[in-house]
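Here is how the chains run, residue by residue.
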Amino acid sequence: MNYWNETPLFRFLLIFIGGILLAVYFPFFSFKVTLILCIVFIFQFFILFFISRSFSDYRRRWLPGVVSYLAVFLAGYVLTYLSTEKNYPEHFRNFSSPSFYIGYLEEPADEKATSEKTILKIQFVNENGKWISTTGNCLVYFAKDSLSEQLRYGDEILFTEKPTEVPLASNPSQFDYKRWLGFNKIFDQVHISAGGWRLIDSHKGYSLLEFSFSLREKFLRVFRENYVTGQDYAVLSALILGYEGDIDQETINAYAASGALHVLSVSGLHVGIIYMAINILLSFLNYNRRTRLFKSIIIILFLWFYAMLTGLSPSVLRSAAMLSFIVVGNMFRQRTNLYNTLAASAFFLLGLNPYLLMQVGFQLSYVAVLGIIFLQKTIHRWIDPPTWFLRQVWSITSVSIAAQTATFPLGLLYFHQFPNYFLFSNLIIIPASTVIIFGGIFLLAISWWHSVAIIAGILLGYIVHGMNWVALFVEKLPWSMITGISISVFETWVIYISISAIVAFFFSKEAKYFLLAVVTIVFILASQIMESKEQREQKQLIVYSIKGKAFLNIIDGRENFVLTDSGTLNNRSLMLFNVYHYWWDCGESENKIIVMNDSFYQSDKLALNRGIIYWNNFRIARINDTAALKSLNSQIDVDFVIISNNLRTKLKYVMDHFTFKKLIIDSSNSLGKTKRWIQEAQQLGISVYSVQLQGAFVFDHL
């Protein structure tokens, strides 16, 4: 089968994606010129198609193809530009000094420890006493109180605090939250204090979305009222309704280690099960073409309503769009090519929002489906089990192998980990999640029948509890997960080329594909060897920017020295967000750190005594106590002075005890004190660096 010739939509999709990527990473081309060229190429294609003989003349047959590709490529660029609201002059950030803002909640508020987090669609600003219509979304943190806890989707509020640009990542290799928000078309954020806002109206959002959110809340209440509690309730809510707000970190880590994290997010698996259930229930409508049309409309409407009910995640959008195209094809009794169907659904979604392409969930979702479509049948033919039960086991296993083969490079790139027991866990968790989905739907359907609903809820809770137990059990197995893997985007592409070459060799048995696979594998190994050599020679001093924390880190080859408090080190989510990614890039393991004592430490590479670190002919003084300063009898020459924990002294007093090249103010100090020290340092002619204001301090000693 010639896949390339039989999948024209897939070919055009790749070109369209190229245009989107150009607009995302190189948005420097003139929009007007690009739009004009796009229109010109579209008209030229139609002229070539309808008027000339280009399609029939063999020598010129390439011309319409090139023109159509250019038109699609430029269309991807144009649509991405048009989807970037900050490019519009009416975007709220383009007004210099508004005194008031009005906007409504674009989604239900997410409860945090001290705030309610949500997204506001800014509709109006008041500038110079005049209300002006605006556009654009803003990330908002409301100080938690009795009023902010009652905010709902569609509530319209007035506030005065000016939104500010989302800050850049503060630490090296840290998750780029600013970039991620930008891909979701959010570029600004605002913190609103209690009493700093006023509710002026409600029901300003879309009625259908408001209804779906209220219905989801009602369904969540059904689960709670029927004795599904704790993490069983949290997982059930995520499985069926896409509500992940109550899942704790321990449960997330367990499912990640077992290779079944996808179960906690409503995805193609869930939508596919819903589709099969509705298709079976409405099978009586297969009588004639008119009833089939009615059935197809019901299925499509239900799929998209379920997508809205579960929060419109990228994987749900992909599944709903793809199944909609399949339903339409079946309605007209047309045999559909799955690659073209997949491409059509991607075209549809990217046409609505090109930035979906940049979301990890969207990428994983489509790549997983491609892997299953292309590889699963071939893998399934490897073994012919003798019994029905073993055939079902092998069927699930072959799907897991196909999906994991397609997605593991992206998993390494984005999550730096690989679950070793994914085959075993999926054998149990996928069937269990299927039973839970059907059981959850049954519970919602009979929730009015209280006695039966209670029994169903208790039984469902036991099944979810058992599935959670399996995930926790797998996590505790030896070597359940390989973590700390660090690869670049380029290496990810090379791995995909290698996988493609290996698959192509098994299909075609041509030596050129085997040679390509060997070359790419050798390249990856050589790259890792070179990287390992560089890591053995690295020498770095890093002062991390972690709010309210003092965190000093010295990396010397494969040894990783840390000076901080135990609470920070034991907070895995805090370390994962701020520190671990850089350690993995440097080849360091979070399980092999060397914690220095705050007053004394000695090793062959580093020594710490009375707050002064001696390392590779460098001296670093860390001052967090005035008493320690007073104990010094003479002035000491050091390279860096690091001030921590709101040291109660003036810099002039520090200079009486130390001579130094640079002063570093870490993030354990208050913002007010930091600014005063910076001002004093400038008056004294001291070179100063604020970790809190400028991001992590990184010194490479090569």
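Structure: above.
Remember, predicted model here, so these are calculated numbers, not experimental data. Each residue is numbered by its place in its chain's sequence as written, counting from 1. Whole-chain, interface and lining totals are the exception, using all residues; otherwise, since this is a predicted model, local features are given only for residues with pLDDT of at least 70 and side-chain atom pairs are given and counted only at 80 or more. With hydrogens and water set aside, each side-chain value is computed from the structure's full complement of heavy atoms.

Engineer: Help me understand the environment of S395, please; the structure alone is not making it clear to me.
Structural biologist: Think of it this way: any DSSP run of H or I at least four residues long counts as a helix, any run of E at least two long counts as a strand, and we number them from the N terminus. Position of S395 among the secondary structure elements: in helix α14 (residues 388-415). Separated by 121 residues in the primary sequence, S395 and L516 have C-alpha atoms spaced 31 Å apart. Whether two residues touch is decided by their heavy atoms; if any such pair falls within 4.5 Å, the residues are in contact. The contact partners of S395, leaving out residues within four places of it in the chain, are Q376 and H380.

Engineer: Just checking my understanding: could you explain the packing of helix α6 (residues 207-225) against helix α7 (residues 230-241) for this structure?
Structural biologist: Packed helix pairs are specified by the crossing angle of their axes together with the interaxial distance, meaning the distance between the axes. Axis definition: a line fitted to C-alpha atoms, over the contacting stretch in the case of helices. Angles run 0 to 180 degrees between N-to-C directions. The N-to-C vectors of α6 and α7 enclose an angle of 145°; their axes lie 11 Å apart at closest approach. Where α6 crosses over α7, the two elements pack in a sense that is right-handed. Across the interface between the two elements, R216, F219, L220, F223 and R224 of α6 pack against Y233, L236, S237, I240 and L241 of α7. Handedness of a helix crossing follows the sense of rotation of the near helix relative to the far helix, less than a right angle counterclockwise being left-handed and clockwise being right-handed.

Engineer: Please explain the pattern of salt bridges as it appears in this structure.
Structural biologist: For salt bridges, the criterion is a side-chain nitrogen of Lys or Arg within 4 Å of an Asp or Glu carboxyl oxygen. One pass over the full model with this rule turns up 13 salt bridges. Ionic pairing is found between K204 and D201, a salt bridge with its closest N-O pair at 4.0 Å. Using a relative accessible area of 34% as the deciding quantity, one classes K204 as partly exposed. Note on classification: 1.4 Å probe, protein chains only; a residue is buried when its accessible area is under 20% of the maximum for its type, exposed when over 50%, partly exposed between these limits.

Engineer: Is there a simple way to explain the packing of aromatic side chains in this structure?
Structural biologist: Any two aromatic rings considered together are summarised by their centre-to-centre distance and by the angle between their planes. We call Phe, Tyr and Trp rings a pair once their centres come within 6.5 Å, taking the six-membered ring for Trp, and we label the pair stacked below 30 degrees between planes, edge-to-face above 60, and tilted otherwise. Applying the stated criterion across every chain yields a total of 31 aromatic pairs. With 6.1 Å between their ring centres and 75° between their planes, W304 and F348 make a pair best called edge-to-face. In this pair, W304 sits in helix α10 (residues 289-309) while F348 sits in helix α12 (residues 338-352), placing the two residues 44 residues apart along the sequence. For F348, a relative accessible area of 38% gives the class partly exposed. A connected cluster of aromatic rings, assembled from ring pairs, spans W615, F618, F640, Y689, F697 and F699.

Engineer: Quick question: what am I supposed to make of the packing of α12 against helix α13 (residues 360-380) here?
Structural biologist: The contact between α12 and α13 brings their axes to 11 Å, and the two run at 170°. It follows that α12 is roughly antiparallel to α13 by the angle criterion. Judged by residue contacts, L338, Y339, L342, S345, A346, L349 and L350 of α12 engage F362, Y366, V369, L370, I373 and F374 from α13. Partitioned by chemical class, the residues of the contact of α12 with α13 number 12 nonpolar, one polar and no charged. When an angle is under 35 degrees it counts as roughly parallel; over 145 it counts as roughly antiparallel; between 65 and 115 it counts as roughly perpendicular; any other value is oblique. For this classification, Asp, Glu, Lys and Arg are treated as charged, while Ala, Val, Leu, Ile, Met, Phe, Trp, Tyr, Cys and Pro are nonpolar and the rest, including Gly, are polar.

Engineer: Just checking my understanding: could you explain the sheet that holds strand β23 (residues 662-665) for this structure?
Structural biologist: Hydrogen bonds between backbone atoms are what pair the strands of a sheet, whose relative direction is either parallel or antiparallel. Note: two strands are recorded as paired if DSSP finds a minimum of 2 bridges between them. One open sheet accounts for seven strands, arranged β16-β17-β18-β19-β21-β23-β24; its pairing is mixed. Here the strands that pair on one side only, and so sit at the sheet edges, are β16 (600-602) and β24 (688-690). The sheet shows a mean angle of 20° between the axes of neighbouring strands, taken without regard to direction. Along the sheet, helix α23 (residues 671-684) contacts β21 (640-643), β23 and β24; its crossing angle with β24, the most-contacted strand, is approximately 165°.

Engineer: Can you help me understand helix α18 (residues 511-537) in this one?
Structural biologist: Since the α-helix packs 3.6 residues into each turn, any two residues three or four apart lie on the same face. Taking 1.5 Å of rise per residue, the 27 residues of α18 would be expected to cover 39 Å, and the 40 Å separating its terminal C-alpha atoms lies within 8% of that figure. Every buried residue of α18 is accounted for by A517, T520, I524, S532 and Q535. In this fold, the buried residues of α18 make contact with α17 (489-508) and α20 (572-585). A helix is expected to span 1.5 Å for every residue after the first.

Engineer: I would appreciate a short explanation of the sheet that holds strand β12 (residues 539-543) in the present structure.
Structural biologist: What the five strands build is an open sheet, ordered β15-β14-β13-β12-β25; its pairing is mixed. This sheet does not close on itself; its edge strands, each paired only once, are β15 (594-595) and β25 (697-700). Two elements, β12 and strand β13 (residues 552-556), share five bridges in a ladder whose sense is antiparallel. Paired with Q540 across the two strands is I555, which belongs to β13. In this fold α20 packs onto β12, β13, β14 (559-563) and β25, with an angle of close to 10° to the strand it touches most, β13.

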